[in-house]
There are 2 protein chains.
Amino acid sequence: MAEKTWVRMVTAQTPTNIAVIKYWGKRDETLILPVNDSISVTLDPAHLCTTTTVAVSPSFDQDRMWLNGKEISLSGGRYQNCLREIRARACEVEDKEKGIKIAKKDWEKLHLHVASYNNFPTAAGLASSAAGFACLVFALAKLMNAKEDNSELSAIARQGSGSACRSLFGGFVKWIMGKAEDGSDSLAVQLVDEKHWDELVIIIAVVSSRQKETSSTTGMRDSVETSLLLQHRAKEVVPKRIKQMEEAIKNRDFGSFAQLSCADSNQFHAVCLDTCPPIFYMNGTSHRIISCVEKWNCSEGTPQPLSFVVDFLCEK
Amino acid sequence: MAEKTWVRMVTAQTPTNIAVIKYWGKRDETLILPVNDSISVTLDPAHLCTTTTVAVSPSFDQDRMWLNGKEISLSGGRYQNCLREIRARACEVEDKEKGIKIAKKDWEKLHLHVASYNNFPTAAGLASSAAGFACLVFALAKLMNAKEDNSELSAIARQGSGSACRSLFGGFVKWIMGKAEDGSDSLAVQLVDEKHWDELVIIIAVVSSRQKETSSTTGMRDSVETSLLLQHRAKEVVPKRIKQMEEAIKNRDFGSFAQLSCADSNQFHAVCLDTCPPIFYMNGTSHRIISCVEKWNCSEGTPQPLSFVVDFLCEK
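The text that follows walks through the structure, step by step, so that each part is easy to find.

Procedures and definitions
Residues numbered from 1 in each chain as written. Chains lettered and ligands numbered in written order. Predicted model: local features only at pLDDT ≥ 70, side-chain atom pairs only at ≥ 80, totals over all residues. Heavy atoms only, no water. Helix = DSSP H or I, 4+ residues; strand = E, 2+ residues; numbered from the N terminus. Rg over C-alpha atoms; globule rule 2.2 N^0.38 Å. Contact = heavy atoms within 4.5 Å. Areas by Shrake-Rupley, 256 points an atom, 1.4 Å probe, with all protein chains shown as cover. Phe/Tyr/Trp six-rings, centres within 6.5 Å; stacked < 30°, edge-to-face > 60°. Buried < 20%, exposed > 50% of the residue type's maximum accessible area, 1.4 Å probe, protein only. Expected span 1.5 Å × (residues − 1). Salt bridge = Lys/Arg side-chain N within 4 Å of Asp/Glu carboxyl O. Pairing = 2+ DSSP bridges. Axes fitted to C-alpha atoms, helices over the stretch in contact; angles between N-to-C directions. Parallel < 35°, antiparallel > 145°, perpendicular 65-115°, else oblique. Left-handed = near helix turned anticlockwise from the far one by under 90°. Nonpolar A, V, L, I, M, F, W, Y, C, P; charged D, E, K, R; others polar. Buried area = accessible area lost by both parts, 1.4 Å probe. Least-squares fit on C-alpha atoms with pLDDT ≥ 70 in both. 1 Å grid on protein atoms, 1.4 Å probe; cavity = no way out; pocket = protein on both sides within 12 Å on 5 of 7 lines; lining within 4 Å. Points joined across faces, edges and corners; volume = space filled by probe spheres on them.

Along the backbone of chain A there are 7 helices and 13 strands. Taken over the C-alpha trace, chain A has a radius of gyration of 20 Å; the compact-globule value for 316 residues is 20 Å, and the two agree within 12%. Expressed along its principal axes, the backbone C-alpha trace of chain A runs to roughly 75 × 40 × 35 Å. Contacts in chain A between residues far apart in sequence, at least 24 positions, make up 73% of those at least 6 positions apart. Counting every atom, chain A has about 14100 Å² of accessible surface; 51% of that belongs to carbon and sulfur.

Listed below in structure tokens is the structure:
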């Protein structure tokens, strides 16, 4: 009985990320493999982040999870995929001080409790699932003493939520779509760290904090099935933009960076509109913000410091 | 002096038209040659139409025009192109009763007065210029006894406003983009007349009657120059849709007709959004109307009678 009393816990904090070259569309729904590369900037964890505590104890009789204080089911395929993949990489853990010793094979039988909090609106267009799955996978990897590096972990987080793979790194991050059928080469790499362009400030305008009417998963599936523009975007437009964006980031070229970010964000919304039924992730306020920024930039001749629009909270 | 007292007048009425496969983008700005074919339905002249009176008199000392009671300049290239093309086709006119005789060569010296009224908002997304130029060209052709048929006149009206060429016919009308560099084969043909599908009712929801912030001319030019989706739409998507739409109209297949109309309208708005700076011709009310119609159709399984959305008045 004494053996059942211990609890081992790990807490991690992971920021959300905002894509500047967008991910929209999967080529494999189960493995979550995208139709194009994407690039994002990871936000400062002090502002928008997920905090997740994972705990293991022989006294737990099932895996359970609480999101923002409310218990949610872990039975979905995405959670199960992440748990299975991390468990497969679990290693021996020994904490002599607390008298805990978990052998590699014990992880198969031990159950987990997970408590996760977002300090920003959930499912409202701010990539809450990205921060959430990245944090879950990272915390579990620490708990289970998995030896994988962050890129390897990103390929696991990806199976929870595609864009989660990009939240395993700070700074600017590229999600390489990969080619392998098993998804093993579809993972995130850091382009530059957060110090590279530390004068860059991101302003998030909350135009609505209501939950999106169309989830990203459903929306992407509908777009892949019905939009006649999506494949052209993925194959012809994005590859060139990825190269240009990498160059702009490397050179801290704000003009190119702003122009590419705005164009790609607008094109993502255009593909949403070209979907049947059409998806509207912007509202009148979003439109007015974009118009103001465009007019300001136009009157000054070049994109003004900070004056570009990468994303929006979704409206309902 | 007595010779200078007569005035010859012709009044014509032309309805506006709403495209179900959209025209967006010119390959030649001066001749107004489009990047793709388009198909429209001409509205009942009892509802939305332009009424234009054209008059000629030896007492007029210059060409003048009044739009909705206010004098406007005729110096623009579009008016000048239409006037020049129609004058070149003017024939002898004789009205024995009134003692009027105008020789073919007299038209070069005679001046015109034009008065045009729209019974609906001007420049608000309801193709006021389409009805206007179609009516102007038609009335002038009658005044000047030009022998051209409506398709030939449509190629002249096109040089005033692209979509005007489609208002020369009732029913369903196709604007064939043509191939010739001089634009001579870019004209409208009637697919079926207004009796073919007379149970079809078009509801126009006025979500805003303010003038568009971006004119069609400016918007199209920006789209052609900056949208990376426009050429793909024009070359790959529209040609197939034109065939499908012609088939749907021929068979009065409401399901296909509604689906194609909605998809093409949404794709036109998607290209606008993919333009730099982005163009927003829909507002929150437009989005809500589309969502309502989509949900209704979805709950019933097929497009319901009249339940499709072809167009909107633009918001500002």
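Our next topic: the packing of aromatic side chains. Residues and elements named next belong to chain A. Applying the stated criterion across every chain, the model contains 16 aromatic pairs over all chains. Taking the centre distance of 5.9 Å and the plane angle of 85° together, the rings of Trp-24 and Tyr-281 count as edge-to-face. One end of the pair, Trp-24, is in the loop between strand E2 (17-21) and strand E3 (26-28); the other, Tyr-281, is in the loop between helix H6 (254-273) and helix H7 (284-300), and 257 residues separate them in sequence. With respect to burial, Trp-24 and Tyr-281 carry one shared label: buried. An aromatic cluster is built from Trp-24, Phe-268 and Tyr-281, whose rings are joined through pairwise contacts.

Attention now moves to helix H1 (residues 77-88) of chain A. Note: α-helices contain 3.6 residues per turn, so residues at a spacing of three or four share the same orientation. With 12 residues, H1(A) ought to run about 16 Å at 1.5 Å a step, and its terminal C-alpha atoms sit 16 Å apart, in line with that. Close packing links the buried residues of H1(A) with strand E7 (64-67), strand E8 (70-72), strand E11 (111-118), helix H2 (128-143) and helix H3 (150-157) of chain A.

For the rest of this paragraph, the subject is the pattern of salt bridges. Residue and element names in this part refer to chain A. Tallying each qualifying case throughout the model produces 28 salt bridges over all chains. Lys-195 serves as the salt-bridge partner of Asp-193, at 3.9 Å between the closest nitrogen and oxygen. When salt bridges with common partners are traced through the structure, they connect Arg-84, Glu-85, Arg-89 and Glu-148 into a single cluster.

Residue and element names in this part refer to chain A. In spatial order, the strands read E2-E5-E12-E13; together these 4 strands make up an open sheet with antiparallel pairing. The sheet is open, and its two edges are formed by E2 and strand E13 (187-192), each paired on a single side. In this sheet, adjacent strand axes meet at a mean angle of 35° when their direction is disregarded. Bridge count for E2 against strand E5 (residues 38-42) is 4 bridges, and the pairing is antiparallel. Across the sheet, residue Ile-18 finds its bridge partner in E5, namely Val-41. In the packing of H6 onto the sheet, contacts are made with E2 and strand E12 (172-176), and the angle to E2 comes to roughly 95°.

Here the focus is the packing of H1(A) against H2(A). Helices that pack against each other are described as a pair by the angle of their axes relative to one another and the distance between those axes. All names here are of chain A. Here H1 crosses H2 at 25°, and the two axes come no closer than 10 Å. If you check the angle between H1 and H2, you find them roughly parallel. Considering the relative orientation of H1 and H2, their crossing is right-handed. Facing Arg-78, Tyr-79, Cys-82, Leu-83 and Ile-86 of H1, the residues of H2 in contact are Phe-133, Leu-136, Val-137, Leu-140 and Ala-141. Residues that form the contact of H1 with H2 fall into these classes: 9 nonpolar, no polar and 1 charged.

With that out of the way, let us pick up the interface of chain A and chain B. Each partner contributes to the interface: chain A provides 23 residues, whereas chain B provides 23 residues. Taking both sides of the interface into account, the surface hidden between chain A and chain B amounts to around 2200 Å²; carbon and sulfur atoms contribute 66%. Considering only the side of chain A, the residues that lose the most area to chain B are Leu229(A), Leu273(A) and Phe280(A), jointly responsible for 25% of the buried surface there. Along the contact surface separating chain A from chain B lie 2 salt bridges. Contributions of two or more residues to the side of chain A that touches chain B are made by helix H5 (230-250), H6 and H7 of chain A. Top contributing element to the side of chain A that touches chain B by residue count: H6(A), with 6 residues. Counted by class, the side of chain A that touches chain B contains 11 nonpolar, 6 polar and 6 charged residues.

This paragraph deals with the relation of the copies chain A and chain B. You can overlay chain A on chain B at an RMSD of 0.0 Å; the transform is a turn of 180° with a shift of 0.0 Å along its axis. Between the two chains, the operation in question is that of a two-fold axis. Of the C-alpha atoms belonging to chain A, the one lying closest to the rotation axis is found on Ala270(A), 2.1 Å away. Taken together, the interface assignments show that 100% of the residues at the interface of chain A recur at the interface of chain B, consistent with an identical surface on both copies.

Further remarks concern empty space enclosed by the protein. The final tally for this structure, using the stated rule, is 5 cavities of 30 Å³ or more. Around the largest cavity, the lining comprises 14 residues; the ones closest to its centre are Leu273(A), Phe280(A), His287(A), Leu273(B) and His287(B). Every element with two or more residues in the lining of the largest cavity is listed here: H6 of chain A together with helix H6 (254-273) of chain B. In the lining of the largest cavity, the residues fall into 10 nonpolar, 4 polar and no charged.

Residue and element names in this part refer to chain B. Compared with the 22 Å implied by 1.5 Å per residue over 16 residues, the 22 Å span of helix H2 (residues 128-143) between its first and last C-alpha is a close match. Burial of H2 is extensive: 13 of the 16 residues sit out of reach of the surface. One or two steps after H2, the chain reaches Asn-145, where phi turns positive at roughly 60°.

Before going further, it helps to spend a moment on the sheet that holds strand E1 (residues 8-15) of chain A. All names here are of chain A. The strand order across the open sheet built from 5 strands is E1-E6-E11-E7-E8, with neighbouring strands paired in mixed fashion. For this open sheet the edge positions go to E1 and E8, each flanked by a neighbour on one side alone. Ignoring strand direction, the axes of neighbouring strands in this sheet form an average angle of 20°. Here E7 pairs with E11 via 4 bridges, running parallel. Each residue of the ladder has a partner; that of Met-65, found in E11, is Val-114.

On to the pairing of E12(A). Within a regular beta strand, the side chains point alternately toward one face of the sheet and then the other, so they alternate between its two faces. Residues and elements named next belong to chain A. The buried fraction of E12 is high, at 4 of 5 residues. Alignment of E5 against E12, held across 4 bridges, turns out to be antiparallel. Across the sheet, residue Ser-40 finds its bridge partner in E12, namely Val-173.

Residue and element names in this part refer to chain B. For the pair H2 and helix H3 (residues 150-157), interaxial distance at closest approach is 9 Å and the crossing angle is 125°. Judged by the inter-axis angle, H2 sits oblique to H3. The element H2 and its partner H3 pack so that their crossing is right-handed. Where H2 abuts H3, its residues Phe-133, Ala-134, Val-137, Phe-138 and Ala-141 lie against Asn-150, Leu-153, Ile-156 and Ala-157.

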